[in-house]
Structure formats: structure tokens, C-alpha cells
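Secondary and tertiary structure notes
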Amino acid sequence: MDFSGDFTSEVAGAIGKRVSIRLREGDSMRDLLGVLKSEGEIIKGDGSVATFSTSDIAFFRVIPVFNRRDHERELEEARLQLYETASRQLREISSDLVRIYSCGPTVYRDAHVGNMRTFLLTDLIVRVLSLKGQSAITVQNITDVGHMNDNFVAGAQEDKVLQEARNQSLTPIEIARKYEERFHKDLASLNITPAHFYPRASDNMREIIEAIGVLIESGNAYVGSDKNVYFSAESFPSYGFISGNKLDSLKPGHRFEFEDDGAKRFHADWALWKVSATRTEMVWDSPWGIGFPGWHIECTAMSLQLLGDSVDIHVGGIDLRFPHHENERAQTNSIAKKDVVAHWLHGEHLLFEGRKMSKSAGNVVLVEEIIAAGLDPLALRLALLENRYRSQMNLTWDSLRAAHATLERWRSLVNSWGWGAELKYDQEVHANLMNDLDTPKVLIRLRAIEKDVTIGALDKRAIFLYADLVLGLDISRAPKVIEVSDEVKGLIELRTAARAEGNWSESDRLRDQLLSLGYKVQDGKS
């Protein structure tokens, strides 16, 4: 896999193989998945042929395959089971084609490592499904307008995209596209499989306005005395299905979207459309006046447009469970006249150095900062995989450095175990992946295989490559060779001599000198 540069040779060497390609098309990206027919053609899953130019490739990845026939029975019996938030139970994902909607970023700033943990969740699901021969259609929205939750105070007419545009002396669209591009770059750095669709709220205003119109016609929404459009929470009896927050337990005075929504009929109603007062940017004409949409309605409109009225899995962070997903469910079901989402899946919070990440705490960490620290970005992916997606975890710089060291060791070992591309099915790895994405146990299994002297080198390599179909750690990559200067080599030789003479104080002094130059010395038995 690569993320920049000339891909001509990689493409030429992958003809006949299954590949994933991301293409640059102006300000947007297009993703292709299928079998490479030629250096400019790919056969997609539906049998159609798409053309492309290697000069437009943003990244390119060969997707390895393994012999399913040898393990058809195990593969058939082990179905992916995922925890479902509303029922609090494990549920089997059995559809041949799994429709997945994943809440995406609000593009007024960079996504931090906590956000990336949630985005990784969808990638893991898609990768595990592929082991079963199941396909997925994935949609991840881009919120570039209307993110009203916690963005407004009384009388305010700007959301965070507009605020950041003013701070950086850019237009709102320039801000949104800047951080959207950086978001995709971070996804690529973490080897996260691109979604099939990345719809932007600003590009789907017609669908959003139409959805609001349907809700008004059905009696689920109304125009308030302030000309804003609100959803009537009381019109949806099963509100609270996901989170357990029933309407009769939500007290008046709770902050719902705006502090100045005095025109609402019920305190838990929320805005679908806000009429603009002094705001002149990122506004659109509508039957209710010039304004902008609410946050929740964009997900409703775009999921219905791209996935229809049947969504197998809806993914998001646990912080979106309420009110965002409750509100989205109420809107979507009211339009479709049915329960649209079969499975609500949430990833838990990530702490950094023991605290919730926030600007005020000064512990917001970005992918680019991990790279700047000299760590492989996939060390973040490995560190996140050390914890199950639905348990709160504490990420630290020490855990990132440890993950980086593990990656380097594993890549060195995998390359020392041979050079074949063969994949070997491992029942324990497979079973743990199918059991609610139990990646910690998969990593424990790999560590055991690494040390098991009864397993041959080629088998070890093949099992690691099999696990990496889901782990996505680029485990077969050749380890980076570090050139050591003559000065450092000389210090190491002096220290070796000091240790041989039993001159421990001199040995310690030389060790500290090496550490000051950026080299940590660790003594083994030899």
C-alpha cells in the first residue's frame, strides 16, 4: 500500500489481483474496489468495468485472498456477532450485503485520536465481513454545516465552521474542504478502508429540505412562532429506544440544541431548520425562509438517499447515542414509516493520559503529532486494537511507543519467516474476530504464536498475514533500516569494552551519552 507518488509499477504488478484504489477527482475522491483487469481498468463487484488513470491515484492497495475451501465449514458456522446498544445483546450479522451508515467528522478542525477510534470500528467490521465472503456498502457523512448541538448560545448565528473560517481568514467552504482533505489523509495513514460514499451536508440540501417537508406533512414537525421548523418529540412514542432516555424523564430546562428555542411546543423538541437572522454565509432558500438545517436531519436525509429504508448497522461514538441518534431515529422512522436501523453500534470513549481529551486540558492528540514524534501511525491502530471497541481505554505516549516497538519487531520477524504471500487460517484468530471484534485476544494469540517453537516459520508468517487482513497493520512491510553513525558505533564499542572490563560506571556514562543522542541501549544475555 502507498499513499503518494507514482503508482505505475504497483498497478502493473497487480493485474489480475483484487485491489482497492482511491482516485483524486478535483476536490473529491472516488473509490474503486475489484479485480484489476489492466493498468487502467478494474472489474467491479457487479461485473461492470471502470476506467482510471494511474496519475489520479491517491492510494493503492492489493487485497490478499486465502483458500476459503479448506475451511468452509468453520467459516460457515462462525458468524460475526456484534453488541447492539438498544437491546444490550450480541446479535448476528447475517446479511450477504451489509448496509452500514457511520457518523463522520464535523470539518472545522482535525479529527483527534479519539475520533479515529470510532472511525476504525467501521473498518474492522468491513474487514471481518470480507473474511466471511459478505459484502458491505458503507456511507460516512461529512458535516460541513448545521452542526448545532453545543455550538450555539442564546442569540448566536454562527456554527463552528463559520467561526473557524473567520479565525483563519478563509471562506467556510475553504475551511470545510481543508479539514475534509486532512481527515481523508488521516484515514489513509491508519489504513482505514475508505467508505463507498462520503456525502456532504452542503451538497445534499435539496434532500434535507424535502425530508423536512415530509415530516411537516406527516404531523411529526411544525413551524414555530419564530419561523423555525421543529420536530415534535411527542409525535414519536418510542423515543428513548436506544439510550433509555424516555421523554417523561427528560426535565424541562435541559439544553436541547439552543438556549433560545422559546417557540417550541415541548421542551425536548429540536430544530430541523433555523431561519437565518444576520447570518449570510452557508444559508439556503427553503419554503420556511432562508436558513440552514439542523444537525440530526442531515444523517436522516443522506442515509435514506444512499442506503434506503433498511440499514443493517449504524455506527457512532457513544457520545452520539443521545441525543443525536435518538433524534435521527425518530426522524428517519417517521419518514420511512418503519424501523430503519436494525443494529445500533457504539464505540466507547478514549482517554489520553488518564483524562478526557479537550483543548482546556491540553491533551488533544492528532495523527500528525504521532507521526511528528517519529512513530509509525499504524502504532496508533495497534494501540487501539489492544482494547475492545466498546470498553473505555486510556491511551498514553508510552503505550504508543510500545505499540511502535511491537510493530517493528513483528515486521522484522514476519520478513525473517519467509517471503511468501500464503495466508493460513487460524481458528482462534477467526473465532475471536467473529466474537464482537475481540481484537485484544487476537493480539494475545499472535504473541503466543510468535514464541511457539512448535510452529514453523512459514506457518507463523502465513497466520500473521491472515490476521492482518483485519488488523490492517501492514505486517509484511520490510522493517525500516536505521543508519548508525560512526560516532554512535564507536560509543557502543567503548561501552562493550567497559562492560567486559567490569567498569560499570563508565558503561553507565556511555549509555547515558547514547541516550542523549537518541539511542536506547538494552543489554541481552549475549
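Predicted model, so just to flag it, every value in this text is computed and none were measured.

1. Some points on the overall build of the protein
- From N to C terminus, the protein includes 16 helices and 18 strands.
- The C-alpha atoms of the protein give a radius of gyration of 26 Å, which matches the 24 Å a tight globule of 526 residues would have.
- Each of the three principal axes of the protein carries a C-alpha extent, and together these read 90 × 55 × 45 Å.
- Relative to its full complement of 526 residues, the protein shows a buried share of 51%.

2. Some points on the pairing of strand S8 (residues 97-102)
- Both S8 and strand S9 (residues 135-140) contribute to a ladder of 6 bridges, which runs parallel. Note on S9: the bridge partner recorded for Leu97 is Ser135.
- Since S8 and S9 lie parallel, the crossover through helix H3 (residues 113-131) that links them has a hand, and here it is right-handed.
- By the bridge criterion, 3 bridges tie S8 to strand S14 (residues 313-317) in an arrangement that is parallel. By the bridge assignment, Ser102 is partnered in S14 with Val315.

3. Notes on the pattern of salt bridges
- One pass over the full model with this rule turns up 29 salt bridges.
- One salt bridge in this structure joins Glu25 and Arg30, with 2.6 Å as the shortest N-O distance.
- With a relative accessible area of 27%, Arg30 lands in the partly exposed category.
- The partner of Asp426 in a salt bridge is Arg445, with the nearest N and O atoms 2.8 Å apart. With Asp426 in the loop between helix H11 (397-416) and helix H12 (427-434) and Arg445 in helix H13 (residues 439-451), the pair connects residues that are 19 residues apart, well separated along the chain.
- Assessed through its relative accessible area of 5%, Asp426 is described here as buried.
- Members of the salt-bridge network, linked through shared partners, are Asp144, Arg177, Glu180, Arg200 and Asp203.

4. Points about the side chain of His112
- Relative to the elements of secondary structure, His112 occurs in the loop between S8 and H3.
- Separated by 3.0 Å, the side chain of His112 and the backbone nitrogen of Gly114 make a polar contact.
- Aside from chain neighbours lying at most four places away, what touches His112 is Met357, Val364, Val365 and Leu366.

5. Examining H13
- For H13, with 13 residues, the first-to-last C-alpha span of 19 Å sits near the 18 Å given by 1.5 Å per residue.
- Where H13 is concerned, the buried positions are Thr439, Pro440, Val442, Leu443, Arg445, Leu446, Ile449 and Glu450.

6. A closer look at the packing of helix H7 (residues 295-307) against helix H8 (residues 321-336)
- Look at H7 against H8: their axes get within 9 Å of each other, and the N-to-C directions meet at 45°. Classed by the angle they form, the pair H7 and H8 counts as oblique. For the pair H7 and H8, the crossing hand works out as right-handed. Between H7, through Trp295, His296, Ile297, Cys299, Thr300 and Leu304, and H8, the contact on the second element is made entirely by Pro323, His324, Asn327, Glu328, Gln331, Thr332 and Ile335.
- Across the contact of H7 with H8, the residue classes tally to 6 nonpolar, 6 polar and 1 charged.

7. Focus: unusual backbone geometry
- Cis rather than trans, the peptide bond between Phe322 and Pro323 has omega equal to 5°.
- For Met282, which is not glycine, the phi dihedral falls at a positive 55°.
- Position of Met282 among the secondary structure elements: in the loop between strand S12 (270-275) and strand S13 (291-293).

8. Remarks on the nonpolar core
- Formed by 78 residues in total, the largest nonpolar core has its most connected members in Leu80, Leu82, Ile125, Ile313, Leu380, Leu395 and Leu437.
- Broken down by element, the residue count for this core peaks at 10 residues, all from H3.
- Residues within four places of Leu80 in sequence aside, it is in contact with Arg91, Glu92, Ile93, Ile125, Val128, Leu129, Leu433, Met434 and Leu437.
- Membership of the second largest hydrophobic core comes to 27 residues, among which are Val145, Ala211, Leu250 and Met282.

9. Description of the environment of Gly308
- Inspection of the secondary structure puts Gly308 in the loop between H7 and S14.
- For Gly308, a relative accessible area of 24% puts it in the partly exposed group.
- As for Gly308 and Val340, which are separated by 32 residues in sequence, their C-alpha atoms are 8.5 Å apart.
- With residues up to four places along the chain from it excluded, the contact list for Gly308 reads Ser303 and Val340.

10. Section: the sheet that holds S13
- Taken together, the 4 strands give an open sheet; going across it, the order is S10-S11-S12-S13, and neighbouring strands pair in antiparallel fashion. Each end of this open sheet is capped by a strand with a single partner; those strands are strand S10 (221-223) and S13. Across the sheet, the mean angle separating the axes of adjacent strands is 20° when strand polarity is ignored.
- Where S12 and S13 come together, 3 bridges link them in antiparallel fashion. In the sheet register, Lys274 faces S13, and the bridge partner there is Phe292.
- In the packing of H8 onto the sheet, contacts are made with strand S11 (229-231) and S12, and the angle to S12 comes to roughly 80°.

11. What about the packing of aromatic side chains?
- A full pass over the atoms with the stated rule returns 10 aromatic pairs.
- Plain terms: the ring middles of Trp273 and Trp288 are 6.2 Å apart, the flat faces sit at 55° to each other, and that makes the pair tilted. A residue pair is termed long-range when its members are at least 10 positions apart, and Trp273 in strand S12 and Trp288 in the loop between S12 and S13 qualify at 15 residues. Of the two residues, Trp273 and Trp288, both sit in the buried class.
- Geometry around Tyr222 places Arg265 over its ring, the cationic atom sitting 3.9 Å from the centre.
- Here Arg279 stacks its cationic end above the ring of Phe292, 3.7 Å away from the centre of that ring.

Definitions and limits used
Residues numbered from 1 in each chain as written. Predicted model: local features only at pLDDT ≥ 70, side-chain atom pairs only at ≥ 80, totals over all residues. Heavy atoms only, no water. Helix = DSSP H or I, 4+ residues; strand = E, 2+ residues; numbered from the N terminus. Rg over C-alpha atoms; globule rule 2.2 N^0.38 Å. Buried < 20%, exposed > 50% of the residue type's maximum accessible area, 1.4 Å probe, protein only. Pairing = 2+ DSSP bridges. Right-handed = clockwise from strand over helix to strand, strands pointing away. Salt bridge = Lys/Arg side-chain N within 4 Å of Asp/Glu carboxyl O. Polar contact = N/O pair within 3.5 Å; in protein donor to acceptor, adjacent residues only side chain to side chain. Contact = heavy atoms within 4.5 Å. Expected span 1.5 Å × (residues − 1). Axes fitted to C-alpha atoms, helices over the stretch in contact; angles between N-to-C directions. Parallel < 35°, antiparallel > 145°, perpendicular 65-115°, else oblique. Left-handed = near helix turned anticlockwise from the far one by under 90°. Nonpolar A, V, L, I, M, F, W, Y, C, P; charged D, E, K, R; others polar. Core = buried A, V, L, I, M, F, W, Y, C linked by side-chain atoms within 4.5 Å. Phe/Tyr/Trp six-rings, centres within 6.5 Å; stacked < 30°, edge-to-face > 60°. Lys NZ or Arg CZ within 6 Å of the ring centre and 35° of its normal.

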